[in-house]
Amino acid sequence: FKVNVSQVQSEVSPTMWGIFFEDINMGADGGIYAELVKNRSFEFFKPLMGWKITSPNTLQGFYLGSEITIVNQPEKASTNPRYLHVNLMNPNAKSLGISNEGFRGMGIKKGLRYDFSVFYRQKTAHTVLVIELVSSSGQVLGQTKISPNDTSNEWRKLETSFTANETDAKAKLNIWFEGNGEIDLDMISLFPSDTWKGRKEGLRADMVQMLADMKPGFIRFPGGCIVEGHDLSVRYQWKKTLGPIENRKLIVNRWNYEMAHRLAPDYFQTFGLGFMEYFQLAEDIGAEPLPILNCGMACQFNSGELAPLNQLEPYIQDALDLIEFANGDSTTFWGKVRINLGHPKPFNLKMLGVGNENWGTQYIERLEIFKEKLQAIYPNIKLVCSTGPLPNGPLFDYLNPTLRKMEVGFVDEHFYSRPEWFFANAKRYDSYNQKTKTKVFAGEYASQSVGMVSPENKNNWLTALSEAAFMTGMERNAGVVQMASYAPLFAHIDGWQWTPNLIWVDNLKSMATPNYHVQKIYSNYKGTHTVSMLYKDKQVSAGQDSLFASAVIDKNSQELILKIVNQSKDKRQISIQIEGLSKLPKTGNLIKLENENLEALNTLERPNEIQAVENTITLSGKNVDLAISGYSFTTIRLKTN
Ligand code: AHR
């Protein structure tokens, strides 16, 4: 190889490598949103889904004259009409109660404080609630007793905390009723206290940390197909995800439906992770927010329901209001909403996605209207547009002439394909015009070990290696590819609908796949500019002698960063001639990801089978001479000052 540090080619966008977030595979509810109680407000289609009435009586809910019923009273609150009504006739201790199974169990940690809360309403104060966490083997992990004392017959929130005495990944929550009289209960909630930044009722810290460690340039949210919805009635509507949690009306998750590999009848979106939390998350991890909004089209893989062109107004207004919500000051309606939610500083939104995986004339017609209306008011907001599938091509392709002519900010390409496709397409962007106004956002991609979204897909080393190779091509063409994100992001080991995924979790732990390590290296060492790189005196492309490579410099850290993938199983001796430096540094930094077994995996039990190994290398002579292992991804960092 020959690299010339002073021959700068193009800028690497600060947003180059980012994150795609969607509530799929229990990514949000049951995942990063740390609520442990499933169906806390009894609003799932089946009101007692996730709950059991615990009573020795064979007729559920009745015990020696006491009874437990679900009341549906839309006039109480249209967003949260159901609640639990308990009528007690002095039941014996632990003889009548309710039990929540959590999201495939509750992950409970020894020594940690748990915060319980409930909304209640009563006329007399003769009821005691005994709250207890019980392990999968029946051991009580912690408990507390509360006596609701307000008798105004208005809804009140009651909070209490207790500490767990053991760890268990599959615990459940029991609430036993004692005393007599009537009480209504709603929004029954339990959160661990070790949330991200210790925020009350917040996010799972281990999962957010994994994202922060990637140092992502952007975070795209809230999806994915959930933006579109199975039909328009269940599309994602950001305004309904703000404010008090009890007023955020839940909807069925689109991944509850038959398109999912594994049905999840209990998959709903409670919006505890709503748009305010998404923006906050973006700010916390230093990523540019990239919201994607519905453009008046439901998922074309499902109903394909359309909002007529003359009824697009509410969709466009949602987009305009979102920009005002993110960026407006206190003189604006939506700016004030954000400020009242506790964030006086604007979020500085720069990009907005119009539709996800929508295509055809129907999409273009709607996009044109969005573009005209949004750009008239916010000409500096870059629009991210989706594009359609090509016959025999990758899933969603940029080479859509109509879209390119429209000169939108970004076109969102999606690739779910076999490893061979990723190796072969590492040169895909070499032929793209780097100067076009419309840039590429490779918004979803993941190498599939078995086949396009097969449930048998594994995040094995081959998939990660092929993505690393593909990414050399994106990096080399940073003039046109300015954003990219792997998808999907999270998956719960007991609650997934899709494979492969970047990060797998159970109720207690999260695990980095080899693919995650690749993403993290690219993002942490993205550099600021690409520089010229030759292989055997020709412009480096992809797959020459089974090697894939790219070179960037980082003007801030003053480094040259080289990334090299060896697709073959054989070790290679390589020599890199570096030009444009007065002299080579004496040492360099080497990060290696390698495995001779392409099927190798990380698992929650063995999370470190494939991990990045970092070393210092000593350099002598004029070139960087290295032995590169078979099936490896190597990153070399050299100081340029
Ligand atoms: O990443 C999973 C799904 O794949 C996304 O929701 C959708 O955009 C794509 O089809």
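The rules behind the values
Residues numbered from 1 in each chain as written. Predicted model: local features only at pLDDT ≥ 70, side-chain atom pairs only at ≥ 80, totals over all residues. UniProt positions renumbered as here; feature names shortened; annotations may be inferred. Helix = DSSP H or I, 4+ residues; strand = E, 2+ residues; numbered from the N terminus. Rg over C-alpha atoms; globule rule 2.2 N^0.38 Å. Buried ≥ 20, exposed ≤ 12 C-beta atoms within 10 Å, placed from the backbone. Contact = placed C-beta atoms within 7 Å. Core = buried A, V, L, I, M, F, W, Y, C linked by C-beta atoms within 7 Å. Near = placed C-beta within 6 Å. Nonpolar A, V, L, I, M, F, W, Y, C, P; charged D, E, K, R; others polar. Axes fitted to C-alpha atoms, helices over the stretch in contact; angles between N-to-C directions. Parallel < 35°, antiparallel > 145°, perpendicular 65-115°, else oblique. Left-handed = near helix turned anticlockwise from the far one by under 90°. Pairing = 2+ DSSP bridges. Domains from an automatic or database assignment. Expected span 1.5 Å × (residues − 1). Arc of directions from axis to C-beta. pLDDT = per-residue confidence, 0-100.

- If you look the protein chain up in an unreviewed UniProt entry, it shows as non-reducing end alpha-L-arabinofuranosidase from Flectobacillus longus.
- Comment text from UniProt for the protein chain, heading Sequence similarities (unreviewed entry), reads "Belongs to the glycosyl hydrolase 51 family."

**Regarding the overall build of the protein chain**
- For the protein chain, the count of helices and strands is 10 helices and 35 strands.
- Against the globule reference of 26 Å for 641 residues, the protein chain gives a C-alpha radius of gyration of 27 Å, in line with a compact fold.
- When its C-alpha atoms are laid out on the principal axes, the protein chain stretches across 90 × 55 × 45 Å.
- Out of the 641 residues in the protein chain, the part that is buried amounts to 48%.
- For the protein chain, the proportion of contacts with a sequence separation of at least 24, taken over those separated by at least 6, is 77%.

**Topic: the nonpolar core**
- The biggest cluster of nonpolar side chains holds 170 residues, and the ones touching the most others in it are Ala469 and Ile503.
- Examining the composition of this core, we find that 10 residues originate from one element, strand β13 (residues 168–192), more than from any other.
- Not counting residues within four places of it along the chain, the set of residues in contact with isoleucine 503 comprises Met210, Leu489, Phe490, Ser510, Met511, Ala512, Thr513 and Tyr516.

**Observations regarding the site of the ligand**
- Surrounding the ligand, one finds Glu22, Ile24, Gly223, Gly224, Cys225, Asn356, Glu357, Glu444, Ala487, Pro488 and Trp498.
- When grouped by side-chain class, the residues that make up the shell around the ligand number five nonpolar, three polar and three charged.

**A closer look at the packing of helix α9 (residues 461–476) against helix α10 (residues 514–524)**
- Two numbers describe how α9 lies on α10: the axes approach to 8 Å, and their chain directions differ by 25°. When the axis of α9 is compared with that of α10, the two are roughly parallel. Crossing angle aside, the handedness with which α9 passes α10 is right-handed. Here Trp461, Thr463, Ala464, Glu467, Ala468 and Met471 of α9 come into contact with α10, specifically with Pro514, Asn515, Val518 and Tyr522.
- Its residues placed into classes, the contact of α9 with α10 shows seven nonpolar, two polar and one charged.

**A short note on the pairing of strand β20 (residues 410–417)**
- For β20, the tally of buried residues reaches eight of eight residues, placing the bulk of the element in the interior.
- Direction of pairing for strand β19 (residues 382–386) relative to β20: parallel, over a ladder of three bridges. Bridged to serine 386 within β20 is aspartate 412.
- Direction of pairing for β20 relative to strand β21 (residues 439–447): parallel, over a ladder of eight bridges. Looking across to β21, one finds that histidine 414 is bridged to glutamate 444.

**Digging into the UniProt feature "domain: Alpha-L-arabinofuranosidase C-terminal" (unreviewed entry) in the protein chain**
- Residues annotated in UniProt with the feature "domain: Alpha-L-arabinofuranosidase C-terminal" (unreviewed entry) correspond here to residues 443–632.
- As a span, residues 443–632 carries 14% helix and 41% strand, and end to end its C-alpha atoms are 25 Å apart.

**A word on the sheet that holds strand β22 (residues 481–486)**
- In space, the eight strands of this open sheet follow the order β2-β14-β17-β18-β19-β20-β21-β22, with parallel pairing throughout. For this open sheet the edge positions go to β2 (19–20) and β22, each flanked by a neighbour on one side alone.
- Taken together, the four bridges between β21 and β22 define a ladder with parallel strand orientation. Looking across to β22, one finds that valine 440 is bridged to valine 481.
- Across the sheet, helix α3 (residues 275–284) touches β14 (218–221) and β17 (288–293), and the angle it forms with β17 is around 150°.

**Regarding the domain arrangement of the protein chain**
- The domains assigned to the protein chain are domain 1 (2–9 + 530–639), domain 2 (19–32 + 195–519) and domain 3 (51–192).
- The distance between the C-alpha centroids of domain 1 and domain 3 comes to 57 Å.

**A closer look at helix α6 (residues 360–377)**
- Counted at 1.5 Å a residue, the expected span for α6 with its 18 residues is 26 Å, and the 26 Å between its end C-alpha atoms agrees.
- Those residues of α6 not exposed but buried are Tyr363, Arg366, Leu367 and Phe370. Taken down its axis, α6 places every buried residue within 105° of arc, on the same side. Facing away from the buried side of α6 by more than 90 degrees, the exposed set consists of Thr361, Glu372 and Ala376.
- Elements in contact with the buried residues of α6: α4 (313–327), β18 (351–354) and β19.

**Concerning unusual backbone geometry**
- That bond from glycine 223 to glycine 224 is cis: its omega, 15°, falls within 30 degrees of zero.
- You can see glycine 224 is positioned in the loop between β14 and α2 (225–228).
- The linkage connecting threonine 499 with the following residue, proline 500, adopts the cis geometry, with an omega of -10°.
- Along the chain, the position of proline 500 falls in the loop between β23 (490–492) and β24 (503–505).

**Some remarks on the pairing of strand β11 (residues 140–146)**
- Sheet topology places strand β10 (residues 127–134) next to β11; six bridges connect them, and they run antiparallel. Bridge pairing in β11 links leucine 129 to isoleucine 146.
- Taken together, β10 and the strand that follows it, β11, pair antiparallel across an intervening segment of five residues, in which glycine 138 is found at a positive phi of about 95°.

**Remarks on the sheet that holds β24**
- Judged by pairing direction, the sheet is mixed, and its three strands sit side by side in the order β23-β24-β25 without closing on themselves. Single-partner strands in this sheet number two, and they are β23 and β25 (510–512). Here the strands of the sheet are splayed against their neighbours by 25° on average, with no regard to which way each runs.
- Bridge count between β23 and β24: three bridges; the pairing is parallel. Bridge assignment links alanine 491 to a residue of β24, and that residue is tryptophan 504.
- Packing against the sheet, helix α1 (residues 205–213) makes contact with β23, β24 and β25, and its axis sits at approximately 20° to β25.

**A few points about the packing of α4 against α6**
- Their axes nearest at 10 Å, the elements α4 and α6 cross at an angle of 30°. It follows that α4 is roughly parallel to α6 by the angle criterion. Read as a crossing pair, α4 and α6 show a hand that is right-handed. Of the residues in α6, those touching α4 at Ile316, Ala319 and Leu320 are Ile369, Phe370, Lys373, Leu374 and Ile377.
- Of the residues that constitute the contact of α4 with α6, the class distribution is seven nonpolar, no polar and one charged.

**Describing the confidence of the model for the protein chain**
- Overall, the prediction assigns the protein chain a mean pLDDT of 94, with 96% of residues at 70 or greater.
- Taken over the whole predicted complex, pTM reads 0.97, whereas the ipTM for its chain interfaces reads 0.99.

**Looking at α3**
- Counting buried residues in α3 gives seven out of 10 residues, a clear majority hidden from the surface.
- All buried positions along α3 are accounted for by Phe275, Glu277, Tyr278, Phe279, Gln280, Leu281 and Ala282.
- For α3, the elements touching its buried residues are α1, β14, β17 and α4.
- Where α3 ends, the next residue or the one after it, glycine 286, has phi of about 70°, a positive value.

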